[in-house]
Amino acid sequence: MDLTGEAASHPIPPRDRPEPGRLTAVTVGEQVIAVANVGGTYYAFQDACTHEECPLSDGDLDGHVVICHCHGGEFDVRTGKPLDGPVYRPLRTFGVTGDGGDVRLML
Ligand code: FES
């Protein structure tokens, strides 16, 4: 958010975009955001797992589910909802706009 309360957009350069079925981490200022590619649609959420803060971008992606590599916590990348494992707090999620040429994170 900027000072007006509006979401600020940050481009995700092509080199930082994950391939379908993969995850990457994108750093914007001091924030690290995980980006998932599910069948060509991008989803963005906090990279730190809500259990013990392991980076979710190092985890696995199974459809719309990200699986934390530390203790197996699972979240829905579309909503941040915890699904299984030792996690009970949701992830913060962020909007992603655009396709192909200009993909942007909304923070
Ligand atoms: S840190 Fe992710 S499940 Fe424990």
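Quick caveat: nothing in here was measured; it's all calculated off a predicted structure. (Residues numbered from 1 in each chain as written. Predicted model: local features only at pLDDT ≥ 70, side-chain atom pairs only at ≥ 80, totals over all residues.)

(A) Expanded view of the sheet that holds strand S8 (residues 82-84). Here we have 4 strands laid out as an open sheet, ordered S5-S6-S7-S8, and antiparallel in their pairing. At either margin of the open sheet sits one strand with a lone partner, and together these are strand S5 (60-62) and S8. On average, each strand axis in the sheet is inclined to that of its neighbour by 30°, with strand direction left out of account. In the sheet, strand S7 (residues 74-76) pairs with S8 via 2 bridges, with the strands oriented antiparallel. By the bridge assignment, Glu74 is partnered in S8 with Asp84. (Pairing = 2+ DSSP bridges. Helix = DSSP H or I, 4+ residues; strand = E, 2+ residues; numbered from the N terminus. Axes fitted to C-alpha atoms, helices over the stretch in contact; angles between N-to-C directions.)

(B) Structural context of the environment of Leu61. The topology assignment puts Leu61 in strand S5. C-alpha of Leu61 to C-alpha of Arg22: the two residues are 39 residues apart in sequence and 6.2 Å apart in space. Residues in contact with Leu61, not counting those within four places in the same chain, are Gly21, Arg22, Leu23, Ala36 and Val66. (Contact = placed C-beta atoms within 7 Å.)

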